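Each chain, letter by letter, is given below.
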Amino acid sequence: MNNQNAIEAIQAVYDDLYGQEKKVADYVIAHGTEAAKMTVTELAEASAVSEATVMRLSKKAGFKGFYHLKLALAQQASVPKITPSETKIDPKNMSAAVSTLLAAKAADLQAVSSSLDDGQVETALARIKQAATLYIFAAGNTNNLAAYAAYLFNQLGVKTVNAPLPEMQVNLAYQMTVNDACLLISQSGSTTLTTDIAQVAHDYQVPSIAITREDKSPLTQLVDTVLLSPQSQQVTLQIAGATQLTEMAVVDLLIMLLAADESGQYANNGVTQENRLAKYKY
């Protein structure tokens, strides 16, 4: 599929669409720029249809799914190709470029601080402390962050399981019980793997926590606790996945809050494990 022809692709199949699908098509054709910035849930609400209808329309237009349609829309001329801070970076002026980018990252962290709900953070911590096993799931390049989180939670004495392959993650999902907890990390909240696993957690009544940038998404509708990790600016292009600073900040926040627990057990576990691992470090 030519990424420059998303609207044309929809128009080409328009006559073959069902009534509900045409509602989505009409909205995207009329509001392509806005649609490129929406989650599947937001587009479904804007079109007054179900999320499944949005997915069907995306596939009928020749895309693997909504995410790919969204990327194609973002690359249309109507959507500016911008840096995360929406500020032009001059690589010839390295000092200014570094200052601008770091200021943008500082703004991202401030956005996380403003978006996090204290009650949700407290609930997430309680779920993690009470869990017999904490299962962490993510997809694609977010798997690295999931592995990082699993390492830190294990170091503090929270029994944590994580696997990189989708098949292994699905197998693990069906081993969860009501005595465990499930942590899902997804920037969009629409990744098929994480939403499928969230559905398993929902069906099996496993306490679930999501770290995500989108407050309206299939994932947030399925989990018990939502920890928002937004960026300060809306980013629609693939470069949005190049940084996981905000998600990592939420993970680090949970780790530091556990380490500060008044019981001292998590901090003590961390020190003990660090001493055990010291001989492997140079």
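Above this text sits the structure in question.
Residues numbered from 1 in each chain as written. Predicted model: local features only at pLDDT ≥ 70, side-chain atom pairs only at ≥ 80, totals over all residues. Heavy atoms only, no water.

**A look at the nonpolar core**
- Ranked by internal contacts, the top residues of the largest apolar core, which has 30 residues, are I128, L134, I136, F153, L227 and L258.
- Counting residues per element, this core draws most heavily on helix α9 (residues 143-155), at six residues.
- Leave out the neighbours within four places in its chain, and L134 touches I128, F153, V158, K159, T160, V161, A181, C182 and L183.
- Within the second largest apolar cluster, 26 residues are counted, among which are V13, L17, Y27 and L73. (Core = buried A, V, L, I, M, F, W, Y, C linked by side-chain atoms within 4.5 Å. Buried < 20%, exposed > 50% of the residue type's maximum accessible area, 1.4 Å probe, protein only. Helix = DSSP H or I, 4+ residues; strand = E, 2+ residues; numbered from the N terminus. Contact = heavy atoms within 4.5 Å.)

**As for helix α2 (residues 19-30)**
- Helix length check: α2, at 12 residues, gives a terminal C-alpha distance of 17 Å against a target of 16 Å (1.5 Å per residue), a fit within 8%.
- For α2, the full list of buried residues reads E21, V24, A25, Y27 and V28. The buried residues of α2 occupy one face: seen down the axis, they fall within an arc of 165°.
- Residues of α2 that are buried make contact with α1 (6-13), α3 (32-35), α4 (40-47), α5 (51-60) and α6 (66-74). (Expected span 1.5 Å × (residues − 1). Arc of directions from axis to C-beta.)

**Observations regarding the environment of I209**
- Note that I209 resides in strand β4 (residues 208-212).
- As a C-alpha pair, I209 and A198 span 11 residues in sequence and 9.0 Å in three-dimensional space.
- Leave out the neighbours within four places in its chain, and I209 touches A124, R127, I128, C182, L183, L184, T225 and L227.

**Looking at the pairing of strand β3 (residues 181-185)**
- Among the five residues in β3, five count as buried, and that is most of the element.
- Burial of β3 is two-sided: the residues A181, L183 and I185 facing one way and the residues C182 and L184 facing the other way are all buried.
- Bridge count for strand β1 (residues 134-137) against β3 is four bridges, and the pairing is parallel. Opposite Y135, over in β3, you have C182 as the bridge partner.
- Two elements, β3 and β4, share four bridges in a ladder whose sense is parallel. Note on β4: the bridge partner recorded for I185 is I211. (Pairing = 2+ DSSP bridges.)

**A closer look at the sheet that holds β3**
- Spatial strand order, β2-β1-β3-β4-β5: five strands in an open sheet with parallel pairing. Edge positions in the open sheet fall to β2 (160-162) and β5 (225-228), since each of these has one partner strand only. Within this sheet the neighbouring strands show an average axis-to-axis angle of 20°, counted without direction.
- Pairing geometry for β1 and β2, over three bridges, is parallel. Residue pairing across strands places Y135 opposite V161, the latter belonging to β2.
- Docked against the sheet, helix α8 (residues 118-130) engages β1, β3, β4 and β5, running at close to 120° with respect to β5.
- Relative to β3, helix α11 (residues 192-203) is tilted by about 160°, and along the sheet it contacts β1, β3 and β4. (Axes fitted to C-alpha atoms, helices over the stretch in contact; angles between N-to-C directions.)

**A look at the packing of aromatic side chains**
- Applying the stated criterion across every chain yields a total of two aromatic pairs.
- Summarising the aromatic geometry, the rings of Y174 and Y204 are spaced 6.0 Å apart at their centres and angled 85° between planes, so their arrangement reads as edge-to-face. Here Y204 lies in the loop between α11 and β4 and Y174 lies in the loop between α10 (166-173) and β3, a separation of 30 residues in the sequence.
- Classification of Y174 by relative accessible area gives partly exposed; the value is 49%. (Phe/Tyr/Trp six-rings, centres within 6.5 Å; stacked < 30°, edge-to-face > 60°.)

**Some words on the pattern of salt bridges**
- For the coordinates displayed, the defined rule picks out six salt bridges.
- The closest approach of N and O atoms between D261 and K129, which form a salt bridge, is 2.6 Å. Placement of the pair is D261 in the loop between α13 (245-259) and α14 (265-277) and K129 in helix α8, with a sequence separation of 132 residues.
- A salt bridge links E247 to R213, with the nearest nitrogen and oxygen atoms 2.6 Å apart. Of the two residues, E247 is situated in helix α13 and R213 in the loop between β4 and α12 (218-222); the sequence distance between them amounts to 34 residues.
- Through salt bridges with shared partners, a single network forms among E21, R56 and K60. (Salt bridge = Lys/Arg side-chain N within 4 Å of Asp/Glu carboxyl O.)

**Section: the pairing of β1**
- Covered by surrounding structure in β1 are L134 and I136 together with Y135 and F137, the residues of both alternating faces.
- Of the crossover connections in this fold, the one passing from β1 over α9 to the parallel β2 is right-handed. (Right-handed = clockwise from strand over helix to strand, strands pointing away.)

**Quick look at a nonpolar patch on the surface**
- A cluster of nonpolar side chains, namely M94, V98 and L102, defines an oily patch on the protein surface of about 300 Å² accessible area.
- On the secondary structure map, M94 appears in helix α7 (residues 94-115).
- Classification of M94 as exposed rests on a relative accessible area of 52%. (Patch = residues over 30% accessible without salt bridge, like charges linked within 9 Å, V, L, I, M, F, W, Y side chains within 5 Å. Areas by Shrake-Rupley, 256 points an atom, 1.4 Å probe, with all protein chains shown as cover.)

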